[in-house]
Amino acid sequence: MTTDKRKPIALHVAVPTEDESYPVLIGPGLLARLGHELRRSHPKAARVALVSDENVMPLYGDAARESLEAEALEVHSFTIPAGEAAKNLDQLVTLLEGMIAARMGRRDVVVALGGGVVGDLAGLAAALFMRGIPLMQCPTSLLAQVDASVGGKVAVDLPAGKNLIGSFHFPTVVIIDPEVLQTLPEREFACGLAEALKHGALFSPEHFQQVVAAADDIYARDADVLGRIVAASVALKAACVSRDPREQGEAGKGRVVLNLGHTLGHAIETVSGFSLKHGEAVSLGMIAAARLSERKKLAPKPEDGPGLEAQMRVALAALRLPTDLDAWLDDEHASSLEAALVNDKKRSFTSISYIALTRVGDPAVLSLTAQEIVALLRDPASDC
Ligand SMILES: NC(=O)c1ccc[n+]([C@@H]2O[C@H](COP(=O)([O-])OP(=O)(O)OC[C@H]3O[C@@H](n4cnc5c(N)ncnc54)[C@H](O)[C@@H]3O)[C@@H](O)[C@H]2O)c1
């Protein structure tokens, strides 16, 4: 029997109300079917805001536009600067004004073609425009494919912090074409792998091992392997967000666990002055979570194998991610890390919901202060 490798894998992300359920389609060559998929979901749409950034628009903007115009859609392109600095209120307002000038209406659609920055910004524009119009996510970075495009969180940053102005706005369709990853810079690739590994660390030892075992094929940009890893990762995230679509779940039972590696990761990212990329900082944050889990005796070291920190370290190194956590825990950095942890928006009063692991595949939520987190990571004897 022959199998059609180009047939997209269809995943279905279920959220509570039927009209907010949406399909996630994954497969090589899907970008060329963007228009077809949009028309199928939105038969009455007349105009599309095609939002991308200055790196991605020149690479894939024409293909997206052609596919949309083939369905008789009027395409209005909006290109934002590349990078996190563009995820701001000014760009949001410029985009919304552009959509008004293009005479877009309630049945029209926003298409986010790009990484997580484009997805979050265009998504928030779709959430706000005329109190909400449809959004189609077409993620082009690995991080956006395995993580940011699924789950409905949309936001922009303020000078006071990341993602402070945002909403939940579920996409109507997510189109993931692993072929676009051919042009993604290697450092961005590694950042996406950190999030893919995180999904395994939280929910599936099999996925954790598969991501590591596929490292060479992944870096060789094997589209089939990438398609499988992305699909498995999205399925794990989808199952989690379906249980708790708006992050209201009880501690430990909802999507809050997706913050694994992010609490300390955000702090390290800030203290590094953003010289470390988000995924690189999350890599160090996951090593921290593993170390802290061992030191709190949540994840006892097995007699016949490596402990959790050692497993995490080996996996992240195989994925070419940074692992030197201790470089950020010396006297020079410790107090800045504590201050950055206190400023993290996820703190509730003085305690922080810190995501730990009892083992690969089983998260636990701890309530700790910033001081306790840093002390536990620096000194095994400081267990409190
Ligand atoms: N909404 C969510 O649930 C969620 C989850 C995780 C992260 N995020 C957000 O996502 C953002 C990070 O996303 P990101 O890592 O994709 O960053 P990004 O959007 O800045 O993309 C990274 C870089 O890769 C480039 N790029 C993207 N696709 C490319 C391609 N196919 N070929 C060549 N270059 C390409 C971009 O131009 C950019 O320079 C952050 O703002 C973060 O807050 C959101």
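Rules of the game
- Residues numbered from 1 in each chain as written.
- Predicted model: local features only at pLDDT ≥ 70, side-chain atom pairs only at ≥ 80, totals over all residues.
- Heavy atoms only, no water.
- Core = buried A, V, L, I, M, F, W, Y, C linked by side-chain atoms within 4.5 Å.
- Buried < 20%, exposed > 50% of the residue type's maximum accessible area, 1.4 Å probe, protein only.
- Contact = heavy atoms within 4.5 Å.
- Phe/Tyr/Trp six-rings, centres within 6.5 Å; stacked < 30°, edge-to-face > 60°.
- Helix = DSSP H or I, 4+ residues; strand = E, 2+ residues; numbered from the N terminus.
- Lys NZ or Arg CZ within 6 Å of the ring centre and 35° of its normal.
- Domains from an automatic or database assignment.
- Salt bridge = Lys/Arg side-chain N within 4 Å of Asp/Glu carboxyl O.

## A few points about the nonpolar core
As a rule of thumb, nonpolar side chains are buried together in soluble globular proteins.
Okay, so step 1: The biggest cluster of nonpolar side chains holds 76 residues, and the ones touching the most others in it are Phe189, Leu264, Met312 and Ile373.
Okay, so step 2: Contacts of Met312, omitting those with residues within four sequence positions, involve Ala201, Phe208, Met286, Ile287, Ala290 and Leu357.
Okay, so step 3: Ranked by size, the runner-up nonpolar core spans 26 residues in total, among them Phe78, Leu96, Met104 and Phe129.

## Some points on the packing of aromatic side chains
Okay, so step 1: Scanning the entire structure with this criterion turns up three aromatic pairs.
Okay, so step 2: Ring centres of Phe189 and Tyr219 lie 5.8 Å apart, and the angle between their planes is 45°; on these two criteria the pair is classed as tilted. Of the two residues, Phe189 sits in helix H6 (residues 186-203) while Tyr219 sits in helix H8 (residues 215-219), which places them 30 residues apart along the sequence. An identical accessibility class is assigned to Phe189 and Tyr219; each is buried.
Okay, so step 3: These aromatic residues form a ring-pair network of at least three members: Tyr22, Phe168 and Phe170.
Okay, so step 4: Lying across the ring of Phe189, Arg221 places its NZ or CZ 4.1 Å from the centre.
Okay, so step 5: Across the ring face of Tyr219, the terminal group of Arg320 is positioned such that the distance to the ring centre comes to 3.9 Å.

## Remarks on the domain arrangement of the chain
How large an interface is tends to be reported as the accessible area lost when its parts come together.
Okay, so step 1: Its domain assignment divides the chain into domain 1 (9-184) and domain 2 (230-382).
Okay, so step 2: The distance between the C-alpha centroids of domain 1 and domain 2 comes to 29 Å.

## Thoughts on the pattern of salt bridges
Okay, so step 1: If you walk through the whole model with that rule in mind, you get 19 salt bridges.
Okay, so step 2: Measuring nitrogen to oxygen at the nearest pair gives 3.7 Å for the salt bridge that ties Lys87 to Glu84.
Okay, so step 3: In this structure, the salt-bridge partner of Arg291 is Glu309, at a minimum N-O distance of 3.1 Å. Within this pair, whereas Arg291 is found in helix H11 (residues 278-295), its partner Glu309 is found in helix H12 (residues 308-318), the two being separated by 18 residues in sequence. No difference in accessibility class separates Arg291 from Glu309, as the two residues are buried.
Okay, so step 4: Overlapping salt bridges, with partners in common, bring together Glu84, Lys87, Asp120, Asp157 and Lys162 in one network.

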